[in-house]
Amino acid sequence: MSAPRTALARLSDPDLRAPRRPRVQRGGGDGGGFGSLTPEFARVLMLVAARASAITLLIIFILVYATLFAAGGGMGGSSGAIAASWLAVHQVPLVIGKTGIGLWPLLPTFLMLWLVARDSAQAADSDCEIRDLGWVLGAAVGGPLLITAVCLAVAEDAAALVPLQPPDTLAAFAWVAWLNLLAAMAGIGSRRWREFAELLPIPLPDWVVPGARAGALAAGRLLAAAAVLTVVSFLAHWSRIGDTYHAAAGSVSGALGLTLLSLAYLPNIAVDGVSLLVGGQVRIGPGSLSLFAIDGAPVPAVPVAAAVPSGPVALWWLVLLLAPAAIGVLSGLECGRTSRDRATAPWATLTAAGVAAVGMALLGALAGGELGTFGRIGPAALSAVLVFVWFAVAGYVGLLGARWFGGPAVAPAVADDVYADDEYDDYEYADDEYEDDYADDDYAEGEYADDDYDDEYDDYGDELGEDAPAPASEPGTGHHAESGWYDDEDLDDALDAELVDDQDDDGSAAGVKSADNPDIVDAEVVEGDLPDK
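No experiment lies behind these values; they were computed from the predicted model shown. Per chain, residues are indexed from 1 in the order of the written sequence. For a predicted model such as this one, the threshold for reporting local features is a pLDDT of at least 70, and the threshold for listing and counting side-chain atom pairs is 80 or more; totals across whole chains, interfaces and linings nevertheless cover every residue. To get the side-chain values, all heavy atoms of the structure are used, and hydrogens and water are removed first.

**Some thoughts on the pattern of salt bridges**
Opposite charge on two side chains lets them pair, provided their charged atoms get close.
Next up, step 1: Here a salt bridge means any side-chain nitrogen of Lys or Arg lying within 4 Å of a carboxyl oxygen belonging to Asp or Glu. Applying the stated criterion to the full structure yields five salt bridges.
Next up, step 2: Between Asp 206 and Arg 340 there is a salt bridge, with the nearest N and O atoms lying 2.7 Å from each other. Taken together, the residues Asp 206 in the loop between α5 (169-198) and α6 (208-236) and Arg 340 in the loop between α10 (322-338) and α11 (347-367) connect sequence positions 134 residues apart.
Next up, step 3: Per-residue accessibility, obtained with a 1.4 Å probe over protein chains only, is compared with the maximum for each type, and a residue is labelled buried under 20%, exposed over 50%, and partly exposed between these values. Overall, the relative accessible area of 39% leaves Arg 340 in the partly exposed class.
Next up, step 4: Residues Glu 334 and Arg 221 are paired through a salt bridge, measuring 2.6 Å at the closest nitrogen-oxygen approach. With a gap of 113 residues between them, Glu 334 in helix α10 and Arg 221 in helix α6 connect regions that are remote in the sequence.
Next up, step 5: Owing to a relative accessible area of 26%, Arg 221 belongs among the partly exposed residues under this scheme.
Next up, step 6: Each of Arg 51, Arg 118 and Asp 119 takes part in one network of salt bridges that share partners. Only DSSP runs of H or I reaching four residues or more are called helices, and only runs of E reaching two or more are called strands; each is numbered from the N terminus.

**Quick notes on the nonpolar core**
Next up, step 1: We call a set of buried Ala, Val, Leu, Ile, Met, Phe, Trp, Tyr and Cys residues a nonpolar core when their side-chain atoms join them within 4.5 Å. Grouped together as the largest cluster of nonpolar side chains are 81 residues, with contacts concentrated most on Leu 222 and Phe 391.
Next up, step 2: Counting residues per element, this core draws most heavily on helix α1 (residues 39-71), at nine residues.
Next up, step 3: Contacts of Phe 391, omitting those with residues within four sequence positions, involve Ala 218, Ala 219, Leu 222, Pro 324, Ile 327, Gly 328, Thr 349, Ala 353, Ala 356 and Tyr 396. By definition in these notes, contact holds between two residues if any of their heavy atoms fall within 4.5 Å.

**Examining the sheet that holds strand β4 (residues 164-165)**
Next up, step 1: Strands pair, by our definition, only if DSSP identifies at least two bridges between them. What the three strands build is an open sheet, ordered β3-β2-β4; its pairing is antiparallel. Two strands close off the open sheet at either side, each with one partner strand: β3 (99-101) and β4.
Next up, step 2: Where strand β2 (residues 94-96) and β4 come together, two bridges link them in antiparallel fashion. Across the sheet, Val 95 pairs through a bridge with Gln 165, a residue of β4.

**Describing the sheet that holds strand β7 (residues 294-295)**
Next up, step 1: What the five strands build is an open sheet, ordered β7-β6-β5-β9-β8; its pairing is antiparallel. Looking at strand neighbours, the two that pair on one side only are β7 and β8 (369-370), the edges of this open sheet.
Next up, step 2: Relative to strand β9 (residues 376-379), strand β5 (residues 282-284) runs antiparallel, the two being bridged by three bridges. Note on β9: the bridge partner recorded for Val 282 is Pro 379.
Next up, step 3: Working convention: axes come from line fits to C-alpha atoms, limited for helices to the stretch in contact. Angles between N-to-C directions cover 0 to 180 degrees. Lying over the sheet, helix α9 (residues 266-277) contacts β5, β6 (287-289) and β9, oriented at roughly 60° with respect to β9.

**Description of the packing of α6 against α11**
Next up, step 1: In contact at an axis separation of 7 Å, α6 and α11 are set at 45° when each is read in the N-to-C sense. It follows that α6 is oblique to α11 by the angle criterion. Where α6 crosses over α11, the handedness of that crossing is right-handed. The residues of α11 that touch α6, namely those facing Val 208, Gly 211, Ala 212, Ala 214, Gly 215, Ala 216, Ala 219 and Leu 223, are Ala 348, Thr 351, Ala 352, Val 355, Ala 356, Met 360 and Leu 363.
Next up, step 2: Of the residues assigned to the contact of α6 with α11, the class counts are 12 nonpolar, three polar and no charged. Should an angle fall under 35 degrees it is taken as roughly parallel, and over 145 as roughly antiparallel, whereas 65 to 115 is taken as roughly perpendicular and any remaining angle as oblique. Crossings are sorted by hand: turned counterclockwise from the far helix by less than a right angle, the near helix makes the crossing left-handed, and turned clockwise it makes it right-handed. Classification convention: Asp, Glu, Lys, Arg as charged; Ala, Val, Leu, Ile, Met, Phe, Trp, Tyr, Cys, Pro as nonpolar; all other residues, Gly among them, as polar.

**Let's talk about a nonpolar patch on the surface**
Next up, step 1: Together, Trp 347, Leu 350, Leu 382, Val 385, Phe 388, Val 389 and Val 393 make up an exposed nonpolar region whose accessible area comes to about 630 Å².
Next up, step 2: Sorting the residues of the nonpolar patch by element identifies α11 and α12 (382-406) as the ones contributing at least two each.
Next up, step 3: If you tally residues by element for the nonpolar patch, the top one is α12, at five residues.
Next up, step 4: Given a relative accessible area of 41%, Val 389 falls into the partly exposed group. Nonpolar side chains (Val, Leu, Ile, Met, Phe, Trp, Tyr) within 5 Å and like charges within 9 Å form the patches, drawn only from residues with over 30% relative accessible area and no salt bridge. For the accessible areas, the method is Shrake-Rupley and the probe is 1.4 Å, while residue cover comes only from the protein chains on display.

**Things to note about unusual backbone geometry**
Next up, step 1: Phi at Gln 91 takes a positive value of approximately 65°, unusual for a residue other than glycine.
Next up, step 2: Residue position: Gln 91 is located in the loop between α2 (78-89) and β2.

**Remarks on the packing of α1 against α2**
Next up, step 1: Two elements in contact, α1 and α2, have axes whose closest approach is 10 Å; the angle formed by their N-to-C orientations is 130°. Our classification of the angle between α1 and α2 gives oblique. Crossing of α1 over α2 shows right-handed handedness. The residues of α2 that touch α1, namely those facing Ser 53, Thr 56, Leu 57, Ile 60, Phe 61, Val 64, Tyr 65 and Leu 68, are Ser 78, Ala 81, Ile 82, Ser 85, Trp 86 and Val 89.
Next up, step 2: Across the contact of α1 with α2, the residue classes break down as 10 nonpolar, four polar and no charged.

**A few points about the confidence of the model for the chain**
Next up, step 1: Predicted confidence across the chain gives a mean pLDDT of 75, with 68% of residues reaching 70 or more.
Next up, step 2: Within a predicted model, pLDDT stands for the predictor's per-residue confidence, ranging from 0 to 100. Counting interchain partners and residues more than four positions distant, the pLDDT-below-50 stretch residues 1-26 has 66 contacts.
Next up, step 3: Low pLDDT, under 50, characterises residues 517-523; the predicted model gives this stretch 13 contacts beyond four residues in sequence or across chains.

**What about α1?**
Next up, step 1: Taking 1.5 Å of rise per residue, the 33 residues of α1 would be expected to cover 48 Å, and the 47 Å separating its terminal C-alpha atoms lies within 8% of that figure.
Next up, step 2: Values of bend correspond, residue by residue, to the angle between axes fitted over the seven residues ending at that residue and the seven starting there. Bending of α1 peaks at approximately 30° at the position of Ala 50.
Next up, step 3: Listing the buried residues of α1 in full gives Phe 41, Val 44, Leu 45, Val 48, Ala 49, Ala 52, Ser 53, Thr 56, Leu 57, Ile 60 and Val 64.
Next up, step 4: Immediately downstream of α1, the backbone of Gly 72 shows phi near 75°, a positive value. Every helix has an expected span of 1.5 Å times one less than the residues it contains.

Here it is as structure tokens:
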């Protein structure tokens, strides 16, 4: 006689009888065309396409007309200024007069991209199907591209009124498209990255997500440290800041404009500061700046440029190298606590270093550019490589510290063969014990005889009267074989059950939930305790 193992029937939700709320379809129908879009989803796409761009244009309108009004000039070139400002927000290189400008402030760009990412994330909620996310991406990119086409036409017409040369059309569309596409993908990925991971041809390794999170946090900490360095440098060169306001000639509007311009360029300075902290260089036209040497070159006469030291190099500047080292160690500690990284396989730590390096490379490409006669200003390309080296080496040290002093942060994965059949075969509950302890004659003559069950149900029926419920039939027979051992009057919907252990084909056990006992959610029955018929 082979003894069945224990089975557990668990009611996972107390409100299973309540009707489920139907899923709202927000995407397109089976056809997949534009006409198959639901009105609600079409409205969402319109918001994604227009809201961020409308807010950006509104701010540009206010700033342009406020500047023209404060300067006391005419409004004839306002359309050209608005078109040029829209292109500048998207980092499109422009030529104003004879001066080429490719170094635009990053603060307006980041605000605009944040709006796009937020709208895309809200559109890609749980009610949006995967196949409809392409519509969200198309709306996030299509709206700005349409406005860019209008701005390019306006800029060409305004060339006769303002010294603005029409930019390269292909470059303008490329900058607008990839920036908005990147922001939309970041917003959608923040909500639906798990579903995208399931679509991969191979399972996503368990060290990817902890490593990516640690890398993003490390890059943020590095930018914060660079921002602190910028503020300290401002305070150290406070006397030079006043000289930069001489160009305003005592005008309040001019001083306010220089201040707002400097604030808009602060993210650019912070990205350049990251290059300095990791030991790289910042190119300033023909010159350069680093912690080891300064090759002097003229800088723009704006207040934000007062933070650039003029030299000579001080020996204590090398202490700043401790910042990326400490951030890298902290990143390694986080990887050691949130992943299964070990000394021979630090994959999450390397992933964190790679994510931080790629992020800083993208920011470096945005933060640098040509600025007229000053030449190219921005971090050197080697800075991203240095970020990877710092976070990989220092992160490995942090990982070793987490393993030596903190122990494993996550429990090791349970092997598939932990509960192998041979373990049950060798365990103390062997089949022969069931045969000895629960022999057939015990059931025939013991306390679990059939007549006892009959008497018990008879007494129960006499006590309750005619309305007493009938005893449940045996499993696998009669009406209950079709309803899964439950009366249809008791439960309208199927219950969710979890089979904990395997059962043999010749026996079964289950927990019964009836209408008279609604509070019973767990039941455990061993077939050895049931009578044989």
